[in-house]
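Here's the letter readout for the chains.
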Amino acid sequence: MQTLNSHNAIFGKIFPRSLFRTMTTEMHKETLGFQAEVRQILDLMIHSLYSNKEIFLRELISNASDAADKLRFEALTDDALFEGDSDLAIKIHFDKQARTITVSDNGVGMSRSEVVDHIGTIANSGTRQFLASLTGDRAQDLRLIGQFGVGFYSTFIVADKVTLFTRRAGLGPEHGVRWESDGKGQYTLETVERAARGTDVVLHLRDDEDEFLDSHRLRHIVRKYSDHITLPIRMRKEGEKETAEEVVNSASALWARPRTEVTEQEYEEFYKHVAHDFEPPLAHVHSRVEGKHEYTSLLYVPRRAPFDLWDRDKRHGVKLYVRRVFIMDDAEQLLPPYLRFVRGVVDSSDLPLNVSREILQHSKDIDVMRAGSVKKILDLLGDLAESNREKYDIFWKEFGRVLKEGVVDDPANRDRIAGLLRFSSTHGDADTQDVSLHDYVSRMKDGQDRIFYVTAETFSAAKNSPHLEIFRKKGVEVLLMHDRIDEWMVTHVTEFEGRKLQAVTKGDLDLGALESIEDKEQLQKAETEFKGLSDRIKNVLGELVTDVRITHRLISSPACLVTGEHDISVNMERMLKAAGQTGLSVKPVLEINPTHPLVLRMGSVSDSERFADWSRLLFDQALLSEGGQLDDPAGFVQRLNQLLEVLAAA
Ligand code: ADP
Ligand code: MG
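Here the structure is a predicted model, which means the values were calculated and not measured.

A short note on helix α5 (residues 112-119)
Phase 1 of the analysis: If you check which residues of α5 are buried, you get Arg-112, Val-115 and Ile-119. The arc that holds the buried residues of α5, viewed along the axis, is 65°, so those residues lie on one side.
Phase 2 of the analysis: Buried-residue contacts for α5 involve β1 (29-33), β4 (159-167), β5 (176-181) and β6 (186-192).

Quick look at the structure:
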């Protein structure tokens, strides 16, 4: 299709600016293609939501309400944007003859470029990730689409043509925009005269959708999904010819109502609106705080992580209201980053209406609300963990790794957060993260005074770590940590319920009362007996290790690496190196198993070259089993093969 951009450039040179504007106003109609992603999503969407098509109205009302919120927010600093009309409302109108439904608002509206950016494009950074996560399996993809915010496009479930008229607040009437599409692949865009600020969306219904051309039906849908919208939603009174209108929703802030008067269904619909989510939430907490500081909060934990969960800057979490007037979205001061998955509203009675982001940064009121909201969420999660394990599991899978950031970011709540963490452990030996520190402590053996854990790159590396051999033998549980963030986390959670956390890969193995006197005597005996051997190995390995010593932590492996109590672990070193840190070198201790045949054999190897090879082999395989990287893999393979040859010949 022809676009006139190049013509504009020429006109701009020839005609004065004002003239140029009127000319483009008349001429500038263009047809544009939807972004490929939009097309793909539209197609999926129409199929996935067909059984629930009435939600198109909820989505349009939700957008109209957002548009009103935006206008109010902008008008805080520029009252002229109201153009003398601050009575914000939504209107729904239908026309049986023309077979159209129109949803209008006098909110902020859109400029021409905003229409292109917001309606023709899915600007969401998650789009590509979302599309990448599509499986090609239709049933599964349809489920996926349910969690993706595609509100406006839901109109095409019931309409085969949608026309949108809009004008941005603050722009003159000559800057109206007309957008139209059949939802198939293209849309037209035209600049038109439009006196009214805000947006009209006109749905031209598909042939078989006449059921929506019905006043009862529409009112019912509004009440069902959008009763909580704080703007009045108006419809023409039934039976009256003229324009008498009535408000069809209760238009009261849901969070301002007493808990007992809000139904689960209402909580759920409100969530879908504030969170732009299609799925119901996992849990919510609604509370009013009175006294010195007064505020109400209604906070939700979603059922599914958004695509941009890992983007710590991208947050559309909690909306701030002041005495029921919307102030701003994603007020980042309201919750710490580790709770960025939480959605909902906080409504303050104390803040001034013209509060800005700058003011928020230094506001005592905000600090109080933030601390209170954090507590509410942690309480909610604690309750969920106790009363509904199934839901807590869902929560943990989706958001557990984000919550872990809390033990680092929020020292004041560290113990409570630590109590909410879940791990895999040798208790079940399966990769289900469902062991809490409290569970662990309650299962500790007589004489055990520490919480043992191992960190590794993957679950199987953790599970098969040679360091666990002695613990398995003694039936002592070890937590298996294999999230990247765990290494970092355990440097902050050093204790739980009075028990110290202890890495099994660090320091001298001290099992305390778990060891019998015989165990200790045996170890001492072995130490003396193998002193010569460990010294020889140490000599050969030189700079690679700080020491070589006899251990009793190994049962079936010949050797393992241990770092000092206060050193970083081998796993941490690997991670830091992978992240580009240089100049690190933690020298480990090589511990050898005096009962292993290979170690026993080494005692009688007199050929010094062969002894050096075997020593190096011990070191390298210990490093490998730790997930470490060999400096010289080819050398390792060569030495291994030589050893195998010797064994094959024997
Ligand atoms: P979402 O509401 O989740 O952002 P939608 O598809 O519902 O997604 O809407 C896309 C965008 O289009 C909105 O974010 C908004 O910028 C714009 N938009 C839609 N409807 C309106 C409206 N009535 N007034 C102003 N802007 C709107
Ligand atoms: Mg929307």
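Considerations on the site of ligand 1
Phase 1 of the analysis: Neighbouring ligand 1 are 12 residues; Asn-63, Asp-105, His-118, Phe-152 and His-276 lie closest to it.
Phase 2 of the analysis: Within the side chain of Asn-63, one N or O atom sits 2.8 Å away from an oxygen atom of ligand 1.
Phase 3 of the analysis: Asp-105 is positioned with one of its side-chain polar atoms (N or O) 2.9 Å from a nitrogen atom of ligand 1.
Phase 4 of the analysis: Counting residues per element, the ones that place at least two in the shell around ligand 1 are α4 (55-75) and α5.
Phase 5 of the analysis: Considering every element that reaches the shell around ligand 1, the biggest residue donor is α4, with 3 residues.
Phase 6 of the analysis: In the shell around ligand 1, the residues fall into 5 nonpolar, 5 polar and 2 charged.

What to know about a negative patch on the surface
Phase 1 of the analysis: Together, Asp-160, Asp-182, Asp-207 and Asp-208 give the surface a local cluster of negative charge.
Phase 2 of the analysis: Residue placement: Asp-208 occurs in the loop between β7 (198-205) and α8 (215-226).
Phase 3 of the analysis: On the basis of relative accessible area, Asp-208 is assigned to the exposed category, the value being 53%.

Describing the nonpolar core
Phase 1 of the analysis: Ranked by size, the top nonpolar core spans 76 residues in total, and within it Phe-395 and Leu-403 carry the most contacts.
Phase 2 of the analysis: No fewer than three residues from each of domain 2 (256-356) and domain 3 (422-513) sit in this core.
Phase 3 of the analysis: One finds Leu-32, Phe-56, Ile-61 and Phe-278 within the second-largest nonpolar core, a separate group that totals 53 residues.

What to know about the pattern of salt bridges
Side chains carrying opposite charge are able to pair once their charged atoms draw close together.
Phase 1 of the analysis: Applying the stated rule across the entire model yields 40 salt bridges.
Phase 2 of the analysis: Its salt-bridge partner being Lys-29, residue Glu-190 comes within 3.9 Å of it at the nearest N-O pair. In this pair, Glu-190 sits in strand β6 while Lys-29 sits in strand β1, placing the two residues 161 residues apart along the sequence.
Phase 3 of the analysis: A salt bridge links Arg-416 to Asp-379; the nearest nitrogen and oxygen atoms lie 2.6 Å apart.

Each value, and the rule that gives it
- Residues numbered from 1 in each chain as written.
- Chains lettered and ligands numbered in written order.
- Predicted model: local features only at pLDDT ≥ 70, side-chain atom pairs only at ≥ 80, totals over all residues.
- Heavy atoms only, no water.
- Buried < 20%, exposed > 50% of the residue type's maximum accessible area, 1.4 Å probe, protein only.
- Helix = DSSP H or I, 4+ residues; strand = E, 2+ residues; numbered from the N terminus.
- Arc of directions from axis to C-beta.
- Contact = heavy atoms within 4.5 Å.
- Near = heavy atom within 4 Å.
- Polar contact = N/O pair within 3.5 Å; in protein donor to acceptor, adjacent residues only side chain to side chain.
- Nonpolar A, V, L, I, M, F, W, Y, C, P; charged D, E, K, R; others polar.
- Patch = residues over 30% accessible without salt bridge, like charges linked within 9 Å, V, L, I, M, F, W, Y side chains within 5 Å.
- Areas by Shrake-Rupley, 256 points an atom, 1.4 Å probe, with all protein chains shown as cover.
- Salt bridge = Lys/Arg side-chain N within 4 Å of Asp/Glu carboxyl O.
- Lys, Arg positive; Asp, Glu negative; His and termini not counted.
- Charge placed at Lys NZ, Arg CZ, Asp CG, Glu CD.
- Core = buried A, V, L, I, M, F, W, Y, C linked by side-chain atoms within 4.5 Å.
- Domains from an automatic or database assignment.

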